[in-house]
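These are the residues of each chain, in order.
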Amino acid sequence: MATLSEVERIKAASDGLRGSLALSLDDAPTAGLREDDQQLIKLHGIYQQDDRDQREARRQRKLEPAYSFMIRVRLPAGICSTGQWLTMDALASEHGDGSLKLTTRQTFELQGVIKESLRPTLQAMDRALLDAIAACGDVNRNVIAGAAPDRPALQARLQADAVALSEHFLPATRAYHEIFLGAERVAGGEPEPIYGPTYLPRKFKTVIAVPPRNDVDLYAHDLGFVAICEGDELLGYNLCVGGGMGTSHGEPSTYPRVATVLGFLPATQLLPVAEAVVTLQRDHGDRSNRKQARLKYTLDRLGTDHFLALLNERLGEALQPARPYAFSERGDAFGWQAAGDGRWWLTLRIEGGRLRDAGEQRARSALREIASRFDLRLRITPNQNLSLIDVRDTDRAAIDAVLEGHGCAPQALSPLRRDALACVALPLCPLAMAEAERWLPQFAPRVEALLAQHGLADESVGLRITGCPNGCARPYLAEIGLIGKAPGRYNLLLGGDRVGERLNALYRESLDEPAILAELDQLFGRWAAERHSGEGFGDFTRRTGLVDGSSPHPAPRREPA
């Protein structure tokens, strides 16, 4: 029998995710947590971080690292009320670093929270009916869902299904409520009917997609549901399993994978099917090697046919054949959109997902005023942007005026700038090898200028940057993916498609910015001169053999007929 990983030991000995967290939080001489508790706190939606910009200077002064904490909110489908938004905005000033981070998991992160502020922050969130439970760690994380504003009844149903999935997979333990909210411990055990005593072998991500727009990157997730509809009516879902982005440099046994379509299920079977997939991963996932523990590896190890047979056995009936669907668009639809019920959506570009007041652009203040004055809701998108939803027609002009007055009126951006993604990376992510979020605002305009030089300024080219190969901004599905290899150096990947259905491939390794720009200059020149009519950049690099079209780890999808 394989030896369990250290994290499995920690979970098994944690007394329902309690460990010594309460003692760690009360340990005043240090700003950090005990080693085991640093793992356990992730399952409560919190990461311990340190400011790597200060690390060496503090080491030389014989000081411990500048520890702080990131809190990720559980926010299924990314929807919050104006009151909840104002709560998070206030907490960003009172206990955070003065900004709100909108993430690719369609939720908030508060960053820069010190240890003594964790309990007050989580208690304030609780009063606003928000929590961080299971937003991180080896559990089903925040459930994300696509947008269909022109079909309001369908949109409401998909949001409800995202909430139902999120609630269904909440851990049973009351440890979060005891440790952070001051609840009394109830006598007796707390069995975890879905997760079991050691939860899942690794993180688990669930998504609901709504064709024809793949705004959620369906194929990047462990568990995906594709809404099959007739107009506003939801007929059911196609089931997708085994997507995942994370890899490790120099370890070919780790790889990105696009999800495989297994079949169709009626909408009433959403929770039973989701639970069957989750428990299959619980029972068959690798608990000895965390680098091989995601569902994508379980699926490849078992084989798709065997996995499907096990799934059908747990369900007591076979999934139906997958229904036809197609994606024709990706990313968010910006600007004002009629919602089909007399109200409106306005989607705003938030570069890198970082909401702050900076110079003449005071986005946080603008949104604070909007949330205070208008009857609407807010929706964080899976692409680090923000939508104002359920807006009355009579409020549109006033909202435009607020945005204009704060220097953040919607701008006409190039397709590249509009859709580019970047993870947080340095200075807070402990895994980052290079910059991403802080580099994007200076790098993207340089790529934009190259496109313009070749007469390609209006072309859509997907650019995604991460500071390491774990893939939080889903770079392996980009037409241009840049993955941090070392400080200032990146692997350049090419060949993804425009709708997020195909992985890219390594083109050049360990390039600095001038070398990346030189490569892109040459490539854009060839694309402009040699492309077929309407051919996207990723498709061009594949057709011309600039990158290999094959993959050592193919993940064929069962194409709907």
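Look above for the structure.
Here we come to the pairing of strand 19 (residues 386-392). Most of strand 19 sits inside the fold, with six of its seven residues counted as buried. Pairing between strand 14 (residues 343-348) and strand 19: five bridges, direction antiparallel. For Arg343, the partnering residue across the bridge sits in strand 19 and is Arg392. Where strand 18 (residues 377-380) and strand 19 come together, four bridges link them in antiparallel fashion. Residue pairing across strands places Leu378 opposite Leu388, the latter belonging to strand 19. Hairpin connection of strand 18 to strand 19: five residues between the antiparallel strands, including Gln384 at a positive phi of 70°.

Judged by nonpolar contacts, the single largest core of 104 residues is most densely connected at Trp85, Phe108, Phe225, Tyr237, Leu239 and Leu311. Element by element, the count of residues in this core is highest for helix 9 (residues 270-284), at seven residues. Here Leu311 is in contact with Leu239, Leu262, Val273, Ala276, Val277, Leu280 and Leu319, once residues within four sequence places are set aside. Among the nonpolar cores identified, the runner-up in size contains 40 residues, and Ala432, Val461, Ala473 and Val547 belong to it.

The next point concerns unusual backbone geometry. Omega for the bond connecting Pro211 with Pro212 falls within 30 degrees of zero, at 15°, which places this linkage in the cis form. For Pro212, the position within the fold is in the loop between strand 7 (206-209) and strand 8 (213-214). Here the residue pair Leu426 and Pro427 is connected by a cis peptide bond, since its omega of 10° sits within 30 degrees of zero. With respect to the helices and strands, the residue Pro427 is situated in the loop between strand 20 (421-422) and helix 15 (440-453). Look at Leu17: it is not a glycine, yet its phi comes out positive at around 70°. Structurally, Leu17 is set in the loop between helix 1 (6-12) and helix 2 (21-25). Taking the relative accessible area as the measure of exposure, Leu17 reaches 1% and is therefore buried.

The rules behind the values
- Residues numbered from 1 in each chain as written.
- Predicted model: local features only at pLDDT ≥ 70, side-chain atom pairs only at ≥ 80, totals over all residues.
- Heavy atoms only, no water.
- Buried < 20%, exposed > 50% of the residue type's maximum accessible area, 1.4 Å probe, protein only.
- Helix = DSSP H or I, 4+ residues; strand = E, 2+ residues; numbered from the N terminus.
- Pairing = 2+ DSSP bridges.
- Core = buried A, V, L, I, M, F, W, Y, C linked by side-chain atoms within 4.5 Å.
- Contact = heavy atoms within 4.5 Å.

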